[in-house]
Amino acid sequence: MGNNNVQNMVGGGGGGIKLLSIAVTTPPTKTSYLSGESFNPAGMVVTATYSNGATLAATGYAVEPSGPLTDGMTSVTIRYTEGGRSATTTQSVTVIPKLLSIAVTTPPTKTSYRYGETFNSSGMVVKATYTDGSTSAVSGYTTTPTAFATLGAQNVTVRYTENGVTATATTPVTVAWAVISVVPSQSGSLTYTGSALTPTWNNYSAAQLTIGGTTSATNAGTYAATFTPTSNYEWNDDSTGAKSVNWTIGKAAGSLSISP
């Protein structure tokens, strides 16, 4: 606003009314910032005081700095100029250091896994680095993958988010074949019926084992099925070849009829 407006609003004549000072009479809605954000004056009311005692809301003021707020800042300066005179005041702000990066400074206790196992972060230390140079051990991170679906040397990705900023790091692990500890065996018993019969199996999973050999028969007798680990599995003796398992069909109960 100009001096003419001031005179009209305070009822003064001549040109003697001068700007004396300004003050923030209503603080802005936002006073806490992440390092690198710019000051937002929304909601702030700046009141100017004049030499005749009048007070008016000031507009067109400048905020210093006009760009990003940096670590260590505790206030911004409000500068208002009218009629060749300037007045300043300050508004307190809080600047929060921004997350820059994370690193796994201590690896997890367990780094060797079997296919299908779940990652265990016990013992792992993750440290975050911030824009002010400080570091801090953090928790609340997530890891990918949760369970291992591929074999060999690989990395687990650690992801951490703070104040809307996300950083990632990796930690190495190795993944070997999963172990099949028990060889399948026939479940229950079969008895000759004259039709083809197929056994059911204890400890058999189609995801872990491929079945072959003789898997169906009609006559009573002993037959051999084979079980071979699929690509991500091995037997507990470290072998991956087929193992033969016998199964049986029992004879039907005999019957005798005598004619007189």
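Residues numbered from 1 in each chain as written. Predicted model: local features only at pLDDT ≥ 70, side-chain atom pairs only at ≥ 80, totals over all residues. Heavy atoms only, no water.

This structure, assessed with the given rule, holds five salt bridges. With a closest N to O distance of 2.7 Å, Arg79 and Glu64 form a salt bridge. Placement of Arg79 in strand 6 (residues 75-82) and of Glu64 in strand 5 (residues 62-64) is noted, with a sequence separation of 15 residues between them. For Arg79, a relative accessible area of 34% puts it in the partly exposed group. Glu64 gets classed as partly exposed once you look at its relative accessible area, which sits at 32%. When the shortest N-O distance is used, the salt bridge between Glu117 and Lys110 registers 3.9 Å. Of the residues examined, Lys110 reaches a relative accessible area of 31% and is grouped as partly exposed. (Salt bridge = Lys/Arg side-chain N within 4 Å of Asp/Glu carboxyl O. Helix = DSSP H or I, 4+ residues; strand = E, 2+ residues; numbered from the N terminus. Buried < 20%, exposed > 50% of the residue type's maximum accessible area, 1.4 Å probe, protein only.)

Another point: the packing of aromatic side chains. To describe a pair of aromatic rings, you give the distance between the ring centres and the angle between the ring planes. A full pass over the atoms with the stated rule returns seven aromatic pairs. Ring geometry for Trp201 against Phe227: centres 5.0 Å apart, planes inclined by 80°, an arrangement best described as edge-to-face. Taken together, the residues span a long stretch of sequence, with Trp201 in strand 18 (residues 200-202) and Phe227 in strand 20 (residues 221-229) at a distance of 26 residues. The class of Trp201 is buried, set by a relative accessible area of 16%. (Phe/Tyr/Trp six-rings, centres within 6.5 Å; stacked < 30°, edge-to-face > 60°.)

Along a regular strand, successive side chains alternate from one face of the sheet to the other. Note that strand 3 (residues 45-50) and strand 4 (residues 55-58) share four bridges and pair antiparallel. Residue Thr47 lies in a different strand from strand 4, and its bridge partner there is Ala57. A loop of four residues connects strand 3 with strand 4, the two strands running antiparallel in sequence, and Gly53 in this loop sits at a positive phi of about 90°. (Pairing = 2+ DSSP bridges.)

Before going further, it helps to spend a moment on the sheet that holds strand 9 (residues 99-106). Strand pairing within a sheet occurs via backbone hydrogen bonds; the two strands may be parallel or antiparallel. Spatially, 9-11-12 is the arrangement adopted by the three strands of the open sheet, whose pairing is antiparallel. Looking at the sheet topology across the chains shown, the edges are occupied by strand 9 and strand 12 (135-138). Each neighbouring strand pair of the sheet contributes to a mean axis angle of 30°, computed without reference to strand direction. As paired elements, strand 11 (residues 125-130) and strand 12 share four bridges and run antiparallel to each other. Counterpart to Thr129 in the pairing with strand 12 is Thr135. (Axes fitted to C-alpha atoms, helices over the stretch in contact; angles between N-to-C directions.)

Take the sheet that holds strand 6 next. Sheet architecture is open: three strands sit in the order 5-6-7, paired in antiparallel fashion. Across the chains shown, the open sheet's two edge strands, defined by having one partner strand only, are strand 5 and strand 7 (85-92). On average, each strand axis in the sheet is tilted by 25° relative to the strand beside it, whichever way the strands run. The sheet contact formed by strand 6 and strand 7 spans eight bridges and is antiparallel. Opposite Arg79, over in strand 7, you have Thr88 as the bridge partner.

Turning our eyes to something else, we now look at the confidence of the model for the chain. Here the chain shows a mean pLDDT of 93. Residues at 70 or above account for 93%. Note that residues 1-14 has pLDDT below 50 and, in this model, 24 contacts with residues that lie over four places away or in other chains. (pLDDT = per-residue confidence, 0-100. Contact = heavy atoms within 4.5 Å.)

With that settled, consider unusual backbone geometry. For the peptide bond that leads from Glu64 to Pro65, omega is 0°, which places it in the cis range. Assignment of secondary structure puts Pro65 in the loop between strand 5 and strand 6. In this chain, Thr144 is followed by Pro145 through a cis amide linkage whose omega measures 0°. In this fold, Pro145 is placed in the loop between strand 13 (142-144) and strand 14 (152-162). Here Asn163, not a glycine, exhibits a phi torsion of approximately 55°, which is positive. Its place among the elements puts Asn163 in the loop between strand 14 and strand 15 (165-176).

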